[in-house]
Amino acid sequence: MSDPIPAEPMLISEDLHRVYRLQGTEVNALRGVSLSLQPAEFLAITGPSGSGKSTLLHLLGGVDIPTRGRVRLAGQDLGSLTETQRARFRLETVGLVFQRFHLLPMLSAAENVELPMAEAGAGRGERRDRARLLLERVSLSDRRNHKPGQLSGGQRQRVAIARALANRPRLLLADEPTGELDRSTSEEILDLFQSLNAEGTTIVVATHDLALAEGANRQVAIVDGQLRGPGSGGR
Ligand code: ADP
Ligand code: MG
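These numbers were taken from a predicted model, which means no experiment stands behind them.

Visitor: Explain the site of ligand 1 here, please?
Guide: The environment of ligand 1 is formed by Y20, V27, A29, P48, S49, G50, S51, G52, K53, S54 and T55. Here S51 contributes a backbone N or O atom positioned 3.2 Å from an oxygen atom of ligand 1. Take T55: an N or O atom from its side chain is 2.6 Å from an oxygen atom of ligand 1. When isolated, ligand 1 has an accessible area of 560 Å², and the protein chains bury 63% of it. Of all the elements in the fold, those that place two or more residues in the shell around ligand 1 are strand 2 (25–37) and helix 1 (53–60). Its residues assigned to classes, the shell around ligand 1 comprises 4 nonpolar, 6 polar and 1 charged.

Printed below as a string of structure tokens:
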């Protein structure tokens, strides 16, 4: 039996390096990371603190650019874009979820979710309808008018995920999304990622949380700026 014809990868990184230069010292945060992700994969990147997980997510999502190497996302070489083009492409293609939510405290849950749609130029009616749908999707319909301070940690993280999905991203990137949550709340977040993934969203999470990592389809470990583990030629 032959394998099905592979789809074009959603994400390809080739030999990524990122050197941070700070007051005369250099940190080699990434030292040659290559990976490829198919559409609708769910990848967990694990590794100790300081190993380069956040740096890698930022490069994969076009938040930052590599010192050397290339990222190709949804058929687009990110290095060939100007900064403005890259910001626009990111807004339309990538959803970002962080450990600490980054919700605006003065805005309601629904308004937070609408914000990236407003940035992308969606009209008011469309924004409202889609925010309603997304909050329903994360089981927060009854909290749409609550401000972040009136929500639990797990609820805030679900609002952040709904916001990340606002512009129908091809790729959802989450950096330690359960880092500040208790066990049962973390399980809720994993369930949500798994069902989004089952609906076709490609997901990459960076995490210390082994239960979350084990819920992904694939895991890679990063140590000292390099991939380790099955198939990555670790030493
Ligand atoms: P992780 O997310 O796995 O904890 P990071 O990607 O945040 O790791 O950091 C990798 C390395 O790069 C660390 O040694 C960190 O101190 C360094 N680093 C991260 N961001 C910066 C920055 N903006 N400037 C200088 N050094 C940085
Ligand atoms: Mg980090």
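Visitor: Could you clarify how one ought to interpret helix 5 (residues 153–164) in this entry?
Guide: Side chains that are three or four residues apart share a direction in an α-helix, a result of its 3.6 residues per turn. When the terminal C-alpha atoms of helix 5 are compared, their 16 Å separation across 12 residues agrees well with the 16 Å that a helix rising 1.5 Å per residue should span. Taking burial as the measure, the 12 residues of helix 5 include 10 buried ones, the bulk of the element. Listed in full, the buried residues belonging to helix 5 are G154, Q155, Q157, R158, V159, A160, I161, A162, R163 and A164. Buried residues along helix 5 sit against strand 6 (94–97), helix 3 (109–119), helix 4 (124–137), strand 7 (171–175) and helix 6 (183–198).

Visitor: What is the right way to look at the packing of helix 3 against helix 4 in this model?
Guide: The description of two packed helices rests on the angle between their axes and on the distance between the axes. Contact geometry for helix 3 and helix 4: axes closest at 9 Å, N-to-C directions at 125°. Here helix 3 lies oblique to helix 4, going by the angle between them. Viewed along their axes, helix 3 and helix 4 form a crossing whose handedness is right-handed. Mapping the contact onto sequence places A109, A110, V113, E114, M117 and A118 in helix 3 and R127, R128, R130, A131, L134 and L135 in helix 4.

Visitor: Is there a simple way to think about the packing of helix 5 against helix 6 in this case?
Guide: At a closest axis distance of 9 Å, the pairing of helix 5 and helix 6 adopts a crossing angle of 20°. Accordingly, the angle class assigned to the pair helix 5 and helix 6 is roughly parallel. With respect to the hand of their crossing, helix 5 and helix 6 are arranged in right-handed fashion. Of helix 6, the residues touching helix 5 (which contributes G154, Q157, R158 and I161) are T185, E188, I189, L192, F193 and L196. Taken together, the residues of the contact of helix 5 with helix 6 break down into 5 nonpolar, 3 polar and 2 charged.

Reading the values: rules and limits
- Residues numbered from 1 in each chain as written.
- Chains lettered and ligands numbered in written order.
- Predicted model: local features only at pLDDT ≥ 70, side-chain atom pairs only at ≥ 80, totals over all residues.
- Heavy atoms only, no water.
- Near = heavy atom within 4 Å.
- Polar contact = N/O pair within 3.5 Å; in protein donor to acceptor, adjacent residues only side chain to side chain.
- Areas by Shrake-Rupley, 256 points an atom, 1.4 Å probe, with all protein chains shown as cover.
- Helix = DSSP H or I, 4+ residues; strand = E, 2+ residues; numbered from the N terminus.
- Nonpolar A, V, L, I, M, F, W, Y, C, P; charged D, E, K, R; others polar.
- Expected span 1.5 Å × (residues − 1).
- Buried < 20%, exposed > 50% of the residue type's maximum accessible area, 1.4 Å probe, protein only.
- Contact = heavy atoms within 4.5 Å.
- Axes fitted to C-alpha atoms, helices over the stretch in contact; angles between N-to-C directions.
- Parallel < 35°, antiparallel > 145°, perpendicular 65-115°, else oblique.
- Left-handed = near helix turned anticlockwise from the far one by under 90°.

These figures capture arrangement, not role.
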